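A look at the structure
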Amino acid sequence: IALSGTFCVAFVLLVQAAKARSMHVVAFAYLFALCGACDLLVTKFTLQLCRLKVEAPVGLKNDLPSKSQVGCFVAAMFAMHIGTFLFQVASVYYRKALESLPLFLGSGA
């Protein structure tokens, strides 16, 4: 429930930004942090899937996710990486968000 609320808030912020054709710095920082956190989670999950696929014993091949599932997670990981990169590029226009960028990147995202 909390996760769906997080994305609902993000959707509302995006709709407000689209109507106003500009985004408040706090909304930008929230969306940047949400994108970075999702990027971190998707990357960790994708790397775990890849590790399972590579290190799986021969008898457990049927219990593993398919290549298409792993491929979807790899594509999602790259999409999240690109999204985080675009937020970093856009953060040039938001000085306060840019000031906290080293703290955000130091968290492992």
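Attention here is on the structure that accompanies the text.

**A word on the overall build of the protein**
- Within the protein, the secondary structure is distributed over five helices and zero strands.
- Starting at the N terminus, the α and β elements of the protein follow one another as α-α-α-α-α.
- Within the span of the protein, comprising 109 residues, buried residues form 26% of the whole.
- For the protein, the computed accessible surface area is about 7800 Å², with 71% contributed by carbon and sulfur atoms.

**Notes on the packing of aromatic side chains**
- Applying the stated rule across the entire model yields four aromatic pairs.
- The interplanar angle of 50° and the centroid separation of 5.5 Å between the aromatic rings of Phe28 and Phe87 together place this pair among those described as tilted. Taken as a pair, Phe28 in helix α2 (residues 25-55) and Phe87 in helix α3 (residues 67-90) lie far apart in primary sequence, 59 residues in all.
- Looking at Phe28, the relative accessible area reads 3%, which means it is buried.
- Pairing Phe32 with Phe87 gives two aromatic rings, centres 5.5 Å apart and planes at 10°, and the pair type is stacked. Taken together, the positions of Phe32 in helix α2 and Phe87 in helix α3 put the pair 55 residues apart, joining distant regions of the chain. The pair formed by Phe32 and Phe87 is uniform in burial state, with each residue classed as buried.

**What to know about the pattern of salt bridges**
- On inspection of all chains with the given rule, the structure shows one salt bridge.
- The partner of Glu55 in a salt bridge is Arg51, with the nearest N and O atoms 3.2 Å apart. Within this pair, Glu55 and its partner Arg51 are both found in helix α2, separated by four residues, close to a single helical turn.

**Focus on α3**
- Between its first and last C-alpha, α3 extends 34 Å over 24 residues, near the 34 Å set by a 1.5 Å rise per residue.
- For α3, the full list of buried residues reads Val70, Met77, Gly83, Thr84 and Phe87.
- The inward-facing, buried residues of α3 abut α2.

Conventions we followed
- Residues numbered from 1 in each chain as written.
- Predicted model: local features only at pLDDT ≥ 70, side-chain atom pairs only at ≥ 80, totals over all residues.
- Heavy atoms only, no water.
- Helix = DSSP H or I, 4+ residues; strand = E, 2+ residues; numbered from the N terminus.
- Buried < 20%, exposed > 50% of the residue type's maximum accessible area, 1.4 Å probe, protein only.
- Areas by Shrake-Rupley, 256 points an atom, 1.4 Å probe, with all protein chains shown as cover.
- Phe/Tyr/Trp six-rings, centres within 6.5 Å; stacked < 30°, edge-to-face > 60°.
- Salt bridge = Lys/Arg side-chain N within 4 Å of Asp/Glu carboxyl O.
- Expected span 1.5 Å × (residues − 1).
- Contact = heavy atoms within 4.5 Å.

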